[in-house]
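Now for the letters of each chain:
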Amino acid sequence: MKVEFVKSTVKDFPPCDRPEVVFVGRSNVGKSSLINMIVGKNIARVSKEPGRTRMINYFLLEDKIYLVDVPGYGFAKVPLKEQNKWKKMMENYFFHRKENIKMVFLLIDSLAGVQPLDEKMISWLRFIGVPFTVILTKTDKATQKELSGTLKQIKDYVGKEAVILSSAKEGKGKREILRRILSEIL
Ligand SMILES: Nc1nc2c(ncn2[C@@H]2O[C@H](COP(=O)(O)OP(=O)(O)O)[C@@H](O)[C@H]2O)c(=O)[nH]1
Ligand SMILES: [Mg+2]
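Keep in mind that what you see is a predicted model, and the values were worked out from it rather than measured.

Chemist: Now, about the site of ligand 1: what can you tell me, with residues and values included?
Modeler: Close to ligand 1 lie 21 residues, the nearest being Gly-30, Lys-31, Ser-32, Ser-33 and Ala-168. Sorting elements by how many residues they give to the shell around ligand 1 places helix α1 (residues 31-39) first, with 3 residues. Counted by class, the shell around ligand 1 contains 4 nonpolar, 11 polar and 6 charged residues.

Chemist: Tell me about unusual backbone geometry, residues and numbers included.
Modeler: Of note in this structure, Glu-62 is not a glycine but carries a positive phi near 50°. Looking at the element boundaries, Glu-62 is found in the loop between β3 (56-61) and β4 (65-69). The residue Asp-63 is not glycine, and still its phi comes out positive at about 60°. Note that Asp-63 resides in the loop between β3 and β4. On the basis of neighbour counts, which here come to 9 C-beta atoms within 10 Å, the residue Asp-63 falls in the exposed class.

Chemist: Hey, could you go over the environment of Gly-171 for me, with residue numbers and the actual values?
Modeler: Take Gly-171: it is sitting in the loop between β7 (164-165) and α5 (174-183). You can call Gly-171 exposed: it has 12 C-beta atoms within 10 Å. Expressed as a C-alpha distance, the spacing of Gly-171 and Gly-40, which sit 131 residues apart in the sequence, is 9.4 Å.

Chemist: Account for the nonpolar core, with residues named and values stated.
Modeler: Val-22, Phe-23, Val-24, Val-68, Phe-105, Leu-106 and Leu-107 are the most contacted members of the largest nonpolar core, which has 35 residues in total. The set of elements that each furnish at least two residues to this core consists of β2 (20-25), α1, β3, β4, β5 (101-109), β6 (132-137) and α5. No other element matches β5, which puts 7 residues into this core. With residues up to four places along the chain from it excluded, the contact list for Phe-105 reads Val-21, Phe-23, Thr-133 and Ile-135.

Conventions adopted
Residues numbered from 1 in each chain as written. Chains lettered and ligands numbered in written order. Predicted model: local features only at pLDDT ≥ 70, side-chain atom pairs only at ≥ 80, totals over all residues. Near = placed C-beta within 6 Å. Helix = DSSP H or I, 4+ residues; strand = E, 2+ residues; numbered from the N terminus. Nonpolar A, V, L, I, M, F, W, Y, C, P; charged D, E, K, R; others polar. Buried ≥ 20, exposed ≤ 12 C-beta atoms within 10 Å, placed from the backbone. Core = buried A, V, L, I, M, F, W, Y, C linked by C-beta atoms within 7 Å. Contact = placed C-beta atoms within 7 Å.

Set out below in structure tokens:
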């Protein structure tokens, strides 16, 4: 796939000349790894330490659609001041790009399940009226039992909407996620 880095920014977004899809979730849930897996290129920065991405990163896929990698939430060691900065940045991002965002992929760790901050994110996305799809990450690390537990938990929040299972390590979910992304621009 053709993919290129566009820019890293806090609030100086690219023009709304292409639709965008954004990947949100806790720090370390696997956002950057998933982006790399679906585009088949190590373009987003992956880190073992949570809370490393501080900027909003724009990538352009096939000259047609922006993929957006944003800083994660819920990293315990992040001081309150940083948390507030994150909140302001994300509110500003969604406020300015709402009309341009075609899909939010909300990533949830298969093993950790839905955490309180994920619930908060879900209700906020509902409140601002942006469509989202849940992707479970790192399925390679979870047992069948853990996986079905998380799936059951998620059904309470997203009802019948389909949840995508993924593993960046195994390349799982790639086709389905790409299909959803590309269907937004056809
Ligand atoms: N086993 C496994 N580890 C993963 C997977 N996806 C990400 N990781 C690891 O989880 C850590 C955080 O990944 P990263 O993509 O930086 O998460 P982000 O903070 O949400 O962008 C890294 O150490 C990755 O190697 C996966 O599908 N399986
Ligand atoms: Mg990241």
